[in-house]
Amino acid sequence: MGLSKILLMRTLVRAVRFPIPHQRLMNPPPSEPLYVVGLRQHLLYLTERQELEDAGLGDPNGIIMILSDALNWRNSPKPYGRAAMTDEPFMDYESARQNARAMCRTLGLQSFTAVDVAHRVRCYGCVIRHEDGWSVAFSADTMPTENLVRAGRDATLLIHESSLSPEEEQLAREKAHSTSAQAIDIGKRMNAQKVLLTHFSARYPGMPPSQGHDGEASDGPLVGLAFDYARIRLGDFWKLHTYLPAIQHALQEDGDDDPMEIDLTKLQ
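These notes cover the structure that comes with them. (Residues numbered from 1 in each chain as written. Predicted model: local features only at pLDDT ≥ 70, side-chain atom pairs only at ≥ 80, totals over all residues. Heavy atoms only, no water.)

1. Structural notes on the layout of surface pockets
Moving on, step 1. One number sums up the size of the largest pocket: a volume of about 370 Å³.
Moving on, step 2. If you list the elements that add at least two residues to the lining of the largest pocket, you get strand 3 (34–38), helix 2 (40–50), strand 5 (109–116) and strand 6 (124–130).
Moving on, step 3. When grouped by side-chain class, the residues that make up the lining of the largest pocket number 12 nonpolar, 5 polar and 1 charged.
Moving on, step 4. Residue composition of the lining of the second largest pocket, by class: 8 nonpolar, no polar and 1 charged. (1 Å grid on protein atoms, 1.4 Å probe; cavity = no way out; pocket = protein on both sides within 12 Å on 5 of 7 lines; lining within 4 Å. Points joined across faces, edges and corners; volume = space filled by probe spheres on them. Helix = DSSP H or I, 4+ residues; strand = E, 2+ residues; numbered from the N terminus. Nonpolar A, V, L, I, M, F, W, Y, C, P; charged D, E, K, R; others polar.)

Laid out in structure tokens, this is it:
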């Protein structure tokens, strides 16, 4: 669907059937703003798209854009060109930080930091720390990077991309992604309590590749797999691993001819 369409569904007054008058898709309408943290190209796209369809970028309870570079965990983002910094209002770092502080107050967060990761293009993961003490680190698309280990130290949950199986480390390096074993190793070195593996390659249309890890170990985090439409509380995270053998067995029984054709566990 795309980010802009999701934002339009939140705030846009749009026609259901021409020429019926426009009506809001959210009822009641939003009572608080929605914060979107993104790179320059993302925010520029939303700004230009606003000229075609009103997504609420100028509304008090609409969309507030925050430049991810301004939230860099080391306060040392890669520089942009001078024109971008002067001609595009959302490129103002101090304004972005003010909006980020407002976002944290609204969501009860202690901090929200962007972590520059190792991909083929400028890419950020993030670390979210809540006032209640829990924290989530998210890798985005990346090769294994020490930046994430340091920024996400002692995270309650690490959500890490796991594009390829452990034996495909060279291929993962060529594509600037991570293997499942590498993702789990990042979690260990980060001292994360739990690791959720996601972003599995389309090479694995059925069950994801071997994780190179046997569930909960004395020297590592509890590991789970991210299934489409799954909703799990942090306190119930152990179920993701405990139920996996049963899920695998059920899928194999339903697909004796070719288990890999089963789509029920396709992962994002």
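2. Considerations on the pattern of salt bridges
Pairing of side chains with opposite charge becomes possible as their charged atoms draw close.
Moving on, step 1. Applying the stated rule across the entire model yields 9 salt bridges.
Moving on, step 2. Linking Glu88 and Arg40 is a salt bridge whose minimum nitrogen-to-oxygen distance equals 2.6 Å. You can see Glu88 sitting in the loop between helix 3 (82–87) and helix 4 (93–107) and its partner Arg40 sitting in helix 2, a full 48 residues away along the chain.
Moving on, step 3. Residue classification places Glu88 among the buried positions, given a relative accessible area of 12%. (Salt bridge = Lys/Arg side-chain N within 4 Å of Asp/Glu carboxyl O. Buried < 20%, exposed > 50% of the residue type's maximum accessible area, 1.4 Å probe, protein only.)

3. Here's the deal with the environment of Thr179
Moving on, step 1. If you trace the backbone, Thr179 turns up in the loop between helix 6 (169–174) and helix 7 (180–190).
Moving on, step 2. As a C-alpha pair, Thr179 and Glu169 span 10 residues in sequence and 6.1 Å in three-dimensional space.
Moving on, step 3. When residues no more than four places from it in sequence are discounted, the contact partners of Thr179 are Ser162, Leu164, Ser165, Pro166, Glu168, Glu169 and Ala172. (Contact = heavy atoms within 4.5 Å.)

4. So, unusual backbone geometry
The phi angle of most residues is negative, glycine excepted, and most peptide bonds adopt the trans form.
Moving on, step 1. In this structure, Asn75 takes a positive phi of about 55° despite not being glycine.
Moving on, step 2. Position of Asn75 among the secondary structure elements: in the loop between strand 4 (63–67) and helix 3.
Moving on, step 3. A relative accessible area of 53% means that Asn75 is categorised as exposed.
Moving on, step 4. Despite not being glycine, Asp154 shows a phi value in the positive range, around 65°.
Moving on, step 5. Within the element layout of this structure, Asp154 appears in the loop between helix 5 (146–151) and strand 8 (157–161).

5. Points about helix 4
Moving on, step 1. Compared with the 21 Å implied by 1.5 Å per residue over 15 residues, the 21 Å span of helix 4 between its first and last C-alpha is a close match.
Moving on, step 2. Among the residues of helix 4, those classed as buried are Tyr93, Ala96, Ala100, Ala102, Met103 and Cys104.
Moving on, step 3. Within two residues after helix 4, Gly108 carries a phi angle of roughly 70°, on the positive side. (Expected span 1.5 Å × (residues − 1).)

6. A few points about the nonpolar core
Moving on, step 1. In this structure, Met65, Ile66, Leu67, Leu71 and Phe112 are the most contacted members of the largest nonpolar core, which totals 26 residues.
Moving on, step 2. Every element with two or more residues in this core is listed here: strand 3, helix 2, strand 4, helix 4, strand 5 and strand 6.
Moving on, step 3. Looking at this core element by element, the count peaks at 6 residues for helix 4.
Moving on, step 4. In contact with Phe112, other than residues within four places in its own chain, are Val37, Leu71, Met103, Cys104, Cys126, Val127 and Ile128.
Moving on, step 5. If you look at the next biggest cluster of nonpolar residues, it comprises 20 residues, including Ala155, Met190, Leu197 and Val223. (Core = buried A, V, L, I, M, F, W, Y, C linked by side-chain atoms within 4.5 Å.)

7. Thoughts on helix 2
Moving on, step 1. Listing the buried residues of helix 2 in full gives Leu43, Leu46 and Arg49. Seen from one end, helix 2 has its buried residues packed into an arc of 125°, which puts them on one side. (Arc of directions from axis to C-beta.)

8. Structural notes on the pairing of strand 10 (residues 222–225)
Moving on, step 1. Residues Leu222 and Gly224 point to one face of strand 10 and Val223 and Leu225 to the other, with burial holding for every one of them.
Moving on, step 2. For strand 9 (residues 194–198) and strand 10, the ladder comprises 4 bridges, and the chain directions are parallel. By the bridge assignment for strand 10, Leu197 is matched with Leu225. (Pairing = 2+ DSSP bridges.)

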